[in-house]
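# Close look at the chain arrangement
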Amino acid sequence: MSYIRPNFRHPQLTVNELGYSRRDYEGGLSTLCAGCGHDSISAAIIQACFELAIPPHKVAKISGIGCSSKTPTYFLGKSHGFNSVHGRMPSVATGANLANRDMVYIGVSGDGDSASIGLGQFGHVTRRNLNMLYIVENNGCYGLTKGQDSATADVGSASKKGVPNPYEPIDLCTMALEMGATFVGRSFSGDKDQLVPLIKAAISHRGFAFLDVISPCVTFNNNDKSTKGYEYVREHLAATGTVDYVPMRQELTADFAPGFSKEITLHDGSVIHLYKQKDGYEASDRNTALQAIQAYKARGQILTGLLYLEPDDPDFHEIQGTVSKPLRDLDEGDLCPGSRSLEAINANLR
Amino acid sequence: MTAQSFELADQLQTPVILMTDLDLGMNDNMSDPLEWDDSKVYDRGKVLNAEQLDAMKERYGRYLDVDGDGICYRTYPGTHPEKGAFFTRGTSRDEYAIYTENGDAYVRNMERLLKKFETAKSYVPAPEFHPAREKTREGIIFFGTSTAASLEALDQLAAEGVHIDAMRVRAFPFSQQVEDFVEQHDRVFVVEQNRDGQLRKMLVIECDIDPKKLLSVRYYGGMPITAREISRQIHQLRGGATVTPIRRKAG
């Protein structure tokens, strides 16, 4: 296997409306195992950012620790990145987002990072509706430390070692829904057609967008007794419907497939079209989503697609009432009330 | 000190811990009114903007020490479309923030951090000195909420003819002045409110001081330390009277 990526690119490589080619959204060469689901997710993020025509330097990518959290090195090489402490990505994302609200924040985490050590942080960033995309690359195991079961492993599922997991799994989508997430979706790293539009919609959503992406660990958790392996997931997938994302500026001219059953307008004016919704699935109803996830799980199926979306809830900045200018650009004139104000406060205390 | 902490965090590009304790947090204290200097301009430290990045002839390196103080230039996310972006990672990396397992690059970065630690010593708040009224070879070091009780104890001791030079440490890493103070005295009492004498141990390790020279005055009974307690322990350590004699009233 070659570890050198050729520099050659087709001279007529397609560019997006800002003049960037897909290459401008690529990162370093992945050091993950060949066939790792995480690499497919990185490719989907690249594709989504390219198609959305986001200037690469206007994205900040933040992660915790784990195989999943290594991936921000492998996409968007022109963006600032922060590989933070295990389970602490939400804190770093919150700080960065507060300092500059004008960037796109992509947080990458794993099932170990979010469902175990970072469960507390995951809960609080969710309920604050921080404007970011939070992706969990969920493989049900700790791949970086040789495949121990993680907190999302299903009861009875066994990794390469063959010992069935005895503990109840944590369903991060259900948790996110219960804690007030305004965009919740689930997908599979092997289903690019579903994943790319979901990522695009999640990035365009103003508020906390959570995506749980099942992403098999080819080395430690891809055997016939695992419920997070390629084969099992492919056989047990069910989707709420098909999702298509139409950016605001393309709405009038885009050649989108007809026959969508529902249209949701996002805060920035772009539109999500939902096709072939299962049994009249209502993505705008939190209870429907919770019940559907449980019902499919009881039948041994994994429900994917856009599970829930509330496009108009206030995000963290709006709740906080922060100014529209990025806080990091404020200076003494904006921030410091000065000595006279201080004297008045002191006088009040006497 | 709080405002200064934020500025130090920007200048040194490191978290700054502002120490407090239950005494300071739970009790009401009298203090001089807080004052603010209106001419104060915020110092965000070494940050490159888009124009500066464009004007640079050399390649930008997030961990490249260009002026020898161990502190490198940073950029804010979103500054420039092509230049200045970097990846902050927990693993070893080179001067350009690129992942590497090269041992030499790792050692260079560790040594740069040592240099930055040295630089930090001159940035952090300097110690405050309270010289004794009479020349003495004895010193006392204290910090934080032990300050007022220590100064009161020094007054009590001076009244009894025991004169001690005092220094209030205000920051870590310790500056050269802290080392010099210990150097200039034969024995130094270190007052602190914890069981293990943590400040004393840090002084020994950081300043390479003979442990026998630093005599620990500790109190950790749960109430704020008192001047009487400090005087009592200092008397004990000096081998003098531990009990103030009761003077019988004449008649």
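What you see is a predicted model, and the numbers here were worked out from it, not measured in a lab. (Residues numbered from 1 in each chain as written. Chains lettered and ligands numbered in written order. Predicted model: local features only at pLDDT ≥ 70, side-chain atom pairs only at ≥ 80, totals over all residues. Heavy atoms only, no water.)

For chain B, the count of helices and strands is 8 helices and 6 strands. Scanning chain B from its N terminus toward the C terminus, one meets helices and strands in the order α-α-α-β-α-β-β-α-β-α-β-α-β-α. On the principal axes, the C-alpha backbone points of chain B span a range of 95 × 45 × 35 Å. In chain B, which comprises 251 residues, the share counted as buried stands at 41%. The long-range share in chain B, meaning contacts at least 24 apart out of those at least 6 apart in sequence, stands at 72%. Accessible area for chain B stands at about 15600 Å²; split by element, carbon and sulfur atoms hold 53% of it. Between the centroid of the 33 positive side chains of chain B and the centroid of its 40 negative side chains there is a distance of 5 Å. (Helix = DSSP H or I, 4+ residues; strand = E, 2+ residues; numbered from the N terminus. Buried < 20%, exposed > 50% of the residue type's maximum accessible area, 1.4 Å probe, protein only. Contact = heavy atoms within 4.5 Å. Areas by Shrake-Rupley, 256 points an atom, 1.4 Å probe, with all protein chains shown as cover. Lys, Arg positive; Asp, Glu negative; His and termini not counted. Charge placed at Lys NZ, Arg CZ, Asp CG, Glu CD.)

This paragraph deals with the sheet that holds strand S11 (residues 262-265) of chain A. All names here are of chain A. Taken in spatial order, the 3 strands line up as S10-S12-S11 in an open sheet, and their pairing is antiparallel. In the strand order of this sheet, the two ends are held by strand S10 (242-246) and S11, each with one partner. Strand-to-strand, the axes of this sheet are offset by a mean angle of 20°, without reference to chain direction. Here 4 bridges tie S11 to strand S12 (residues 271-275), and the two strands are oriented antiparallel to one another. Residue pairing in the sheet places Thr 265 in a bridge with Val 271 of S12. This element, helix H7 (residues 192-204), spans S10 and S12 of the sheet and lies at about 50° to S10. (Pairing = 2+ DSSP bridges. Axes fitted to C-alpha atoms, helices over the stretch in contact; angles between N-to-C directions.)

With that settled, the discussion passes to the interface of chain B and chain A. Contacts between the two partners involve 24 residues from chain B, matched on the other side by 24 residues from chain A. The junction of chain B with chain A conceals about 2100 Å² of combined surface from both sides, 56% of it contributed by carbon and sulfur atoms. The largest per-residue losses of area from chain B upon contact with chain A belong to Tyr42(B), Pro77(B) and Phe87(B), which jointly make up 28% of the total buried on that side. Taken together, chain B and chain A are joined by 1 salt bridge. (Buried area = accessible area lost by both parts, 1.4 Å probe. Salt bridge = Lys/Arg side-chain N within 4 Å of Asp/Glu carboxyl O.)

Looking now at helix H3 (residues 89-99) of chain A. Residues and elements named next belong to chain A. For H3, every residue scored as buried is listed here: Met 89, Pro 90, Ala 93, Thr 94 and Asn 97. Down the axis, H3 shows its buried residues gathered within 130° of arc, on one side only. Where H3 is buried, its residues meet strand S1 (59-63), strand S3 (104-110), helix H5 (119-127), strand S4 (132-138) and helix H10 (316-320). (Arc of directions from axis to C-beta.)

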